[in-house]
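Survey of secondary and tertiary structure
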Protein chains: 2
Amino acid sequence: MRLASVRTPDGGAQAAVLDGESWRGLPAEDLSQLFRLPDWRAAAAEPGDALPRAEPVNPVPSPGKVICCGLNYAEHIAELGRELPKFPTLFAKFADTLTGPSDEIALPADVDVDWEAELAVVVGRRLRGACEREAREAIAGYTVANDISVRDWQARTLQWFQGKAWDRTTPVGPVVVTPDELDPEAGVEVTCEVNGQRMQQGNTRTLVFGASALLAYISEFTVLRPGDLVLTGTPGGVGLGMTPPRFLRDGEVVRTSVDGIGTLQNTIRTQPTDRGEHS
Amino acid sequence: MRLASVRTPDGGAQAAVLDGESWRGLPAEDLSQLFRLPDWRAAAAEPGDALPRAEPVNPVPSPGKVICCGLNYAEHIAELGRELPKFPTLFAKFADTLTGPSDEIALPADVDVDWEAELAVVVGRRLRGACEREAREAIAGYTVANDISVRDWQARTLQWFQGKAWDRTTPVGPVVVTPDELDPEAGVEVTCEVNGQRMQQGNTRTLVFGASALLAYISEFTVLRPGDLVLTGTPGGVGLGMTPPRFLRDGEVVRTSVDGIGTLQNTIRTQPTDRGEHS
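For clarity, every value in this text was computed on a predicted model and none was experimentally measured.

Digging into the sheet that holds strand 15 (residues 197-203) of chain A
Residue and element names in this part refer to chain A.
- Pairing in this open sheet of five strands is mixed, and the strands run 8-18-17-14-15 from one edge to the other. The sheet is open, and its two borders are formed by strand 8 (105-108) and strand 15, each paired with just one other strand. Taking the axes of each pair of neighbouring strands and ignoring which way they run, one obtains an average angle of 20 degrees across the sheet.
- In this structure, strand 8 lies alongside strand 18 (residues 262-271), joined through four bridges in parallel fashion. Residue pairing across strands places I105 opposite I268, the latter belonging to strand 18.

Below is the structure:
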């Protein structure tokens, strides 16, 4: 199944499932709500009427947890001059950090903005102390994300969080594809283009920690619930790794794709700041 | 005012305000709900009936954001061999990470558990792009927390998060004291005892980044909302800083106090793990 949260021309919002070329309504306002239903798979199997001209928005707007893995593609790790990790490097974002698949991304003009194309995993069932098999069975589906990062703030201290949690900077979507239709462990391509130029390309088969391994690892210390989101890390080719570093400017367009899921297209909008008065 | 979330003998839960020696009920299930009321200060000024034998639990069980500052007391920074920071070191926890002021803290037997007594700030008004004056006016009150840390997991990667976000390990409470009754910038003592032995002592006057500065800084990148929680960092004297390092064992009792607020008392309970099967 290909699932989405859609905006309808009358201004409504609804969870939906793709049926041929058209979206059909599901009994929830969005996929965050749908995945919290006791049997969302059964609900998704009996969709309602077609929703003409429905437009995908952020599929999972209200995850309780958004957990990200850094340094998870072998070639990106090499690009940063680090060794292959024994444990996943994890950090958190908020639901507020997320934005839609075609939304503009607004940031101050005086920060260093970079791209990080990622496969994201949506949790479909409660997990705590899970083994990898349990974790695999708990995956609701996969979506595309871009962990847009404010590199100068990320580097201000040892902890990346303050460069990773800017409101409405991580686009997600356009759809969530269920595991029966997509197997990232067999390998799907993850790419990022800036203004039409290919910057990143990696294959999920080369992830050090795959989706199920990440969910199982996280569930050792905290519960995961339906609708929670886990970002699996980015392949080589980020702007920070270039000589000199290459950051995003006002009006530049970032296209983030995962084969078999779809493409995010987001324009960067930078705004002058009056930070001087406030610091 | 001294505010709390209390459990009543009939099993109910309620926000409450201290009136002399007795708790009186407020129109919300807990302080997280109370602070989301449009005018919670007016509601708190007109309390209901006395609640005999009410017992404080976690005052803010459902913050949307829990953000922590590390390396914020000059002497703790020296203990770890670091320089005074120009920017606050920030990381996130979850609402799930929190627990009550007298709850047991359950952790696996094979991890390195340490204490970090902290002053915590509860947000009382929406903040985004705030200056320090606006941030100061948005503080609902102050409470006590202990950022109990799993040091070996914290040190597994560059990011501390996975050692800081274990479910139900950060005790909070017992009360929230409003700013008219407590001024941490003028200085209050923060202490931690383990089995009755004083381990940590620091004064909030020596914080590198005070409560208002932290809230203003965070609000540059993400919105803060009523009920959100910010932990301000810990003074010197953690177990990791000792030679050899000293970690918490089953049955040990951690008492965490902030003068003018109150004391948390939490017993550590360690449990054998079957991690071998799952990894």
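A look at the interface of chain A and chain B
- Across the contact, 34 residues belong to chain A and 34 residues belong to chain B.
- Between chain A and chain B, the buried area comes to about 3400 Å², and carbon and sulfur atoms account for 57% of it.
- There are six salt bridges connecting chain A and chain B.
- Of the charged contacts in the structure, one is a salt bridge between D96 of chain A and R225 of chain B, with a shortest N-O distance of 2.8 Å.

Re the side chain of D167 of chain A
- Following the sequence through the fold, D167 of chain A ends up in the loop between helix 5 (151-154) and strand 13 (170-177).
- There is a polar contact of 3.3 Å between the side chain of D167 of chain A and the side chain of R128 of chain B.
- Of the polar contacts made by the side chain of D167 of chain A, one reaches the side chain of T222 of chain B; its length is 2.5 Å.
- When sequence neighbours within four positions are dropped, the list of residues in contact with D167 of chain A reads D96 and T97 of chain A together with K65, R128, F221, T222 and V223 of chain B.

Let's talk about the layout of surface pockets
- Counted as a void, the largest pocket has a volume near 710 Å³.
- At the level of secondary structure, the elements contributing two or more residues to the lining of the largest pocket comprise strand 5 (66-70) and helix 5 of chain A together with strand 5 (66-70) and helix 5 (151-154) of chain B.

Some points on empty space enclosed by the protein
- For the structure shown, the criterion picks out one cavity of 30 Å³ or more.
- Roughly 40 Å³ of internal volume is contained in the largest cavity.
- Around the largest cavity, the lining residues are L90, F91, A92, Q159 and F161 of chain A together with F91, A92, Q159 and F161 of chain B.
- Per-element accounting of the lining of the largest cavity gives the leading share, three residues, to strand 6 (residues 89-93) of chain A.
- Residue composition of the lining of the largest cavity, grouped by class: seven nonpolar, two polar and no charged.

Overview of the environment of T234 of chain B
Residues and elements named next belong to chain B.
- Summarising the element assignment, T234 is placed in the loop between strand 16 (229-231) and strand 17 (253-258).
- Given a relative accessible area of 2%, T234 falls into the buried group.
- T234 sits 187 residues away from P47 along the chain, and the two C-alpha atoms are 34 Å apart.
- Once you skip the residues sitting within four places of it in the chain, T234 turns out to touch Y73, H76, E116, A117, E118 and Q200.
- Within the structure, the side chain of T234 is placed 2.6 Å from the backbone oxygen of A117, a separation counted as a polar contact.

Section: unusual backbone geometry
- Residue P174 of chain A is reached from G173 of chain A by a cis peptide bond, and omega for that bond is -15 degrees.
- Mapped onto the elements, P174 of chain A comes out in strand 13.
- Its identity is not glycine, yet L71 of chain B carries a phi of approximately 50 degrees, on the positive side.
- Inspection of the secondary structure puts L71 of chain B in the loop between strand 5 and helix 3 (74-79).
- A relative accessible area of 11% means that L71 of chain B is categorised as buried.
- With a phi angle near 55 degrees, R168 of chain B is a residue other than glycine that sits in the positive phi range.
- Note that R168 of chain B resides in the loop between helix 5 and strand 13 (170-177).

Details of the sheet that holds strand 17 of chain B
Residue and element names in this part refer to chain B.
- Strand order in this open sheet of five strands is 8-18-17-14-15, and the pairing throughout is mixed. This sheet does not close on itself; its edge strands, each paired only once, are strand 8 (105-108) and strand 15 (197-203). Between one strand axis and the next, the sheet turns through 20 degrees on average, direction left out of account.
- Here strand 14 (residues 189-194) runs beside strand 15; their pairing, made up of six bridges, is antiparallel. When the bridges of strand 15 are listed, E193 appears paired with R198.

Quick look at the pattern of salt bridges
Residues and elements named next belong to chain A.
- Within this structure, the stated rule accounts for 36 salt bridges over all chains.
- Across the salt bridge formed by D147 and K93, the nearest N and O atoms sit 2.6 Å from each other. One end of the pair, D147, is in the loop between strand 11 (139-146) and strand 12 (149-150); the other, K93, is in strand 6, and 54 residues separate them in sequence. Considered together, D147 and K93 belong to a single accessibility category, that of buried residues.

Examining the relation of the copies chain A and chain B
- Here chain A sits on chain B after a turn of 180 degrees about the axis and a move of 0.0 Å along it, with an RMSD of 0.0 Å. Accordingly, the operation relating the two chain copies is best matched by a two-fold axis.
- Both copies present the same face, since 100% of the interface residues in chain A are matched by interface residues at the equivalent positions in chain B.

Thoughts on the nonpolar core
- Among the nonpolar cores identified, the biggest contains 118 residues, and L90, L215 and I261 of chain A together with L90, L215 and I261 of chain B are the most heavily contacted of them.
- L215 of chain B has contacts with V121, V123, L127, A135, I139, L224 and V230 of chain B, leaving out every residue within four places of it along the chain.

Quick look at the domain arrangement of chain A
All names here are of chain A.
- Considered domain by domain, chain A is made up of domain 1 (2-57) and domain 2 (66-278).
- Each of domain 1 and domain 2 has a C-alpha centre, and these two points are 24 Å apart.
- Every contact between the two is made by 12 residues of domain 1 and, on the other side, 17 residues of domain 2.
- Buried surface at the junction of domain 1 and domain 2, summed over both partners, amounts to about 1100 Å²; 52% is from carbon and sulfur atoms.
- Joining domain 1 to domain 2, the criterion identifies zero salt bridges.

Considering the confidence of the model for chain A
- Of all residues in chain A, 97% have pLDDT values of 70 or greater, and the mean over the chain is 95.
- If you check the scores for this complex, the pTM reads 0.96 and the ipTM reads 0.96.

Examining the side chain of T204 of chain B
Residue and element names in this part refer to chain B.
- Tracing the backbone shows T204 in the loop between strand 15 and helix 6 (211-218).
- Looking at T204, its side chain comes within polar contact range of the main-chain oxygen of P184, at 2.6 Å.
- A distance of 2.9 Å separates a polar atom in the side chain of T204 from the backbone nitrogen of V188.
- Residues in contact with T204, not counting those within four places in the same chain, are Y73, L119, P184, G187, V188 and V190.

Rules and cut-offs
- Each residue is numbered by its place in its chain's sequence as written, counting from 1.
- Labels are handed out in written order, letters beginning with A for the chains and numbers beginning with 1 for the ligands.
- A pLDDT threshold of at least 70 governs which residues receive local features in this predicted model, and a stricter bar of 80 or more applies before side-chain atom pairs are shown or counted, although totals over entire chains, interfaces and linings include all residues.
- Heavy atoms from the whole structure form the basis of all side-chain values; hydrogens and water molecules are not counted.
- By the convention used here, strands pair only if DSSP detects at least 2 bridges between them.
- Secondary structure elements are taken from DSSP: a helix is a run of H or I of four residues or more, a strand is a run of E of two residues or more, and numbering for both begins at the N terminus.
- Fitted lines through C-alpha atoms give the axes, limited to the stretch in contact for helices. The angle between two N-to-C directions lies from 0 to 180 degrees.
- Note on contacts: a residue pair is in contact if any heavy atoms of the two residues lie within 4.5 Å.
- Here's the idea: put two parts together, see how much 1.4 Å probe accessible area each one loses, and the total over both is what we call buried area.
- Salt bridges are identified by distance alone: a Lys or Arg side-chain nitrogen within 4 Å of an Asp or Glu carboxyl oxygen.
- Identification of polar contacts relies on pairs of N or O atoms within 3.5 Å, with a donor-acceptor requirement for protein atoms, meaning one able to donate a hydrogen and the other able to accept it, and with residues adjacent in sequence counted only if both atoms are side-chain atoms.
- The rule is simple: put a 1 Å grid over the protein atoms alone, call a set of points where a 1.4 Å probe fits but cannot get out a cavity, call an open set with protein on both sides within 12 Å along at least five of seven lines a pocket, and count a residue as lining if it has an atom within 4 Å of a point.
- Grid points are joined across faces, edges and corners, and a volume is the space filled by probe spheres set on the points.
- As a working rule, the residues Ala, Val, Leu, Ile, Met, Phe, Trp, Tyr, Cys and Pro are called nonpolar, Asp, Glu, Lys and Arg charged, and the rest polar, with Gly in that last group.
- Per-residue accessibility, obtained with a 1.4 Å probe over protein chains only, is compared with the maximum for each type, and a residue is labelled buried under 20%, exposed over 50%, and partly exposed between these values.
- The copies are overlaid by a least-squares fit using only the C-alpha atoms of residues whose pLDDT is at least 70 in both copies.
- For our purposes a nonpolar core is just a set of buried Ala, Val, Leu, Ile, Met, Phe, Trp, Tyr and Cys residues, chained together by side-chain atoms within 4.5 Å.
- Domain boundaries shown here were taken from an automatic or database domain assignment.
- pLDDT measures the predictor's confidence residue by residue and takes values from 0 up to 100.

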